[in-house]
Amino acid sequence: MKNTNFPDIKKPVSILNAAVIVAALGYFVDIYDLLLFGIVRTDSLKDLGITGDAIRNQGEYLISMQMFGMLFGGILWGILGDKKGRISVLFGSILIYSVANIANGMVTTVDGYAFWRLIAGIGLAGELGAGITLVTESLPKEKRGYGTMIVASVGVSGAVAAYFVYQIFQDWRLCYYAGGVLGILLLFLRISISESGMFKKVQESEEKKGDFLSLFTNKQRFTKYIQCILIGIPLWFLVGVLITFSPEFAKALGVQGFETIAAGKAIAWCYGGLVFGDIASGLLSQWLKSRKKVMYSFLIFNLVMIFVYLNAFGITASSFYTLCFIMGFSVGYWVLFVTIAAEQFGTNIRATVTTTVPNFVRGSLPLIILIYGFFRDTVFDGNILQSAMIVGSILSVISILALWKLKETFHTDLNYSEQESPAFL
């Protein structure tokens, strides 16, 4: 496949430029809202009159609605990012999820909760992809890994912040209001950043932009796109199932004092580890000048930690939370995952890819929950530990095979455009 190259664009040398800072803060608010539901899930549902096993069932329903929103929003914002610009997506997405956050604090029914989680998911879908695209196009190839590392590590710490905000307020509604206010305040910072030079060059060209369907009209492009999605799925299984439903796993493992295990605290510990994992994977990638070598290491480490977690019978509550932290570190490849996606495709569809790929990963959670539920309820007669081990193993093997087929992108020059392909060749 031939690519159309554009003239070299002068890029800022500083890693901490306005695009990196604003993208990092935007992702911070994004993750705050994305994980806040997991933190307040039990208390918010109890407050709405839900009790017993219905808390788990309604929790799965609500998180699935949020992920469906992200799936749809990923396509919407990705196309807009390539057609209208990265900045417009950053503004639009944060405005929508800020409003949805405030509305979440006002719900009185589960169905109302589900609707606003859906809208929040649509808004949240645009933040990371647009930010990473802007950062990778604003820095020289030797430094862009540092830029995406800063965005990811600052961003995922938003989950830790969400936990502490909940500990301070002790009111799930106020936590949602706080997220909405933070988002609105962030809009004022967006005024200081300018559009990507690469995007401006593409806008002046005759290239077709934001063509989502073009990802399916060329065999090589389609395969590469699917592989980019598959390498990120184990992370969301760990966060969306093993950590979000940690109280249930702690009980099944007979953790000492399992009654005290809180999903919100487990999420905070997990994302605390993820912050350090993102920093470690980002730095290792820069030092080794390779995305794939580091990605392999983290995927294998993650699989090992899944088995350790699901066989940690009778440990103390503090040891359980420590495991959550280490598991978070093991999926600290998120920064590499989104960077690899951005580096695999041309400028005219880069925002489409970088926005849809992580959201397809997040949007896969309902399917993951269905598969996990099938093994839990049909194959293993309610045994959540065996079910999780099987699902985790399958997803990890698939991701390793997908990574094996992807090319190394550390030295890739991003100043090019994908040519149209009229047939699936």
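Up top is the structure.
Residues numbered from 1 in each chain as written. Predicted model: local features only at pLDDT ≥ 70, side-chain atom pairs only at ≥ 80, totals over all residues. Heavy atoms only, no water.

Engineer: How should I be thinking about the nonpolar core in this particular structure?
Structural biologist: Nonpolar side chains in soluble globular proteins generally cluster together in the buried interior. Ranked by size, the top nonpolar core spans 135 residues in total, and within it Leu242, Phe249 and Tyr271 carry the most contacts. Of the residues forming this core, the biggest block, 16 residues, is contributed by helix α1 (residues 18-47). Once you skip the residues sitting within four places of it in the chain, leucine 242 turns out to touch Phe237, Phe249, Ile306, Tyr309, Leu310, Met327 and Ala388. (Core = buried A, V, L, I, M, F, W, Y, C linked by side-chain atoms within 4.5 Å. Buried < 20%, exposed > 50% of the residue type's maximum accessible area, 1.4 Å probe, protein only. Helix = DSSP H or I, 4+ residues; strand = E, 2+ residues; numbered from the N terminus. Contact = heavy atoms within 4.5 Å.)

Engineer: Looking at this structure, I do not really get the layout of surface pockets. What am I missing?
Structural biologist: Empty space among the atoms can be located by rolling a probe the size of a water molecule over them. If you add up the space inside the largest pocket, you get close to 420 Å³. Lining the largest pocket are 20 residues, with Thr42, Pro247, Ile261, Ala262 and Ala263 positioned closest to its centre. Those elements giving two or more residues to the lining of the largest pocket turn out to be α1, α6 (144-169), α11 (246-253) and α12 (263-288). Across the lining of the largest pocket, the residue classes break down as nine nonpolar, four polar and seven charged. The calculated volume of the second largest pocket comes to roughly 230 Å³. In terms of lining, the second largest pocket is formed by Gly52, Asp53, Ile55, Arg56, Glu60, Phe245, Glu248, Phe249, Tyr372, Arg376, Gly382 and Ile384. For the lining of the second largest pocket, the secondary-structure elements that each account for two or more residues are α2 (54-83), α11 and α17 (365-379). The leading source of residues in the lining of the second largest pocket is α2, at three residues. Taken together, the residues of the lining of the second largest pocket sort by class into five nonpolar, two polar and five charged. (1 Å grid on protein atoms, 1.4 Å probe; cavity = no way out; pocket = protein on both sides within 12 Å on 5 of 7 lines; lining within 4 Å. Points joined across faces, edges and corners; volume = space filled by probe spheres on them. Nonpolar A, V, L, I, M, F, W, Y, C, P; charged D, E, K, R; others polar.)

Engineer: Help me understand helix α16 (residues 347-363) in this model?
Structural biologist: An α-helical turn contains 3.6 residues, so a residue and the one three or four places further along point in the same direction. In this model, α16 (17 residues) spans 24 Å end to end at C-alpha, consistent with the 24 Å of a helix rising 1.5 Å per residue. Most of α16 is tucked away, with 17 of its 17 residues classed as buried. (Expected span 1.5 Å × (residues − 1).)

Engineer: Any chance you could explain the packing of α6 against α12 here in plain terms?
Structural biologist: In a packed pair of helices, the relevant descriptors are the angle between the two axes and the axis-to-axis distance. Axis separation between α6 and α12 bottoms out at 8 Å; the angle between their running directions is 170 degrees. With respect to their mutual orientation, α6 and α12 come out roughly antiparallel. The residue makeup of the contact of α6 with α12, split by class, is 15 nonpolar, seven polar and two charged. (Axes fitted to C-alpha atoms, helices over the stretch in contact; angles between N-to-C directions. Parallel < 35°, antiparallel > 145°, perpendicular 65-115°, else oblique.)

Engineer: How should the packing of aromatic side chains be read in this particular structure?
Structural biologist: For any two aromatic rings, the description comes down to two numbers: the centre-to-centre distance and the angle of the planes. Taken as a whole, this structure holds 24 aromatic pairs when the rule is applied. A centroid spacing of 6.3 Å and a plane angle of 70 degrees characterise the contact between phenylalanine 320 and tyrosine 321, whose relative ring orientation is edge-to-face. You'll find phenylalanine 320 and tyrosine 321 in the same group, each marked buried. Ring geometry for phenylalanine 374 versus phenylalanine 375: centroids 5.6 Å apart, planes at 75 degrees, classification edge-to-face. Residue classification places phenylalanine 375 among the buried positions, given a relative accessible area of 16%. Feature note: the residues Phe212, Phe216, Phe222, Tyr225, Phe345 and Phe360 constitute an aromatic cluster, connected by ring pairs. (Phe/Tyr/Trp six-rings, centres within 6.5 Å; stacked < 30°, edge-to-face > 60°.)

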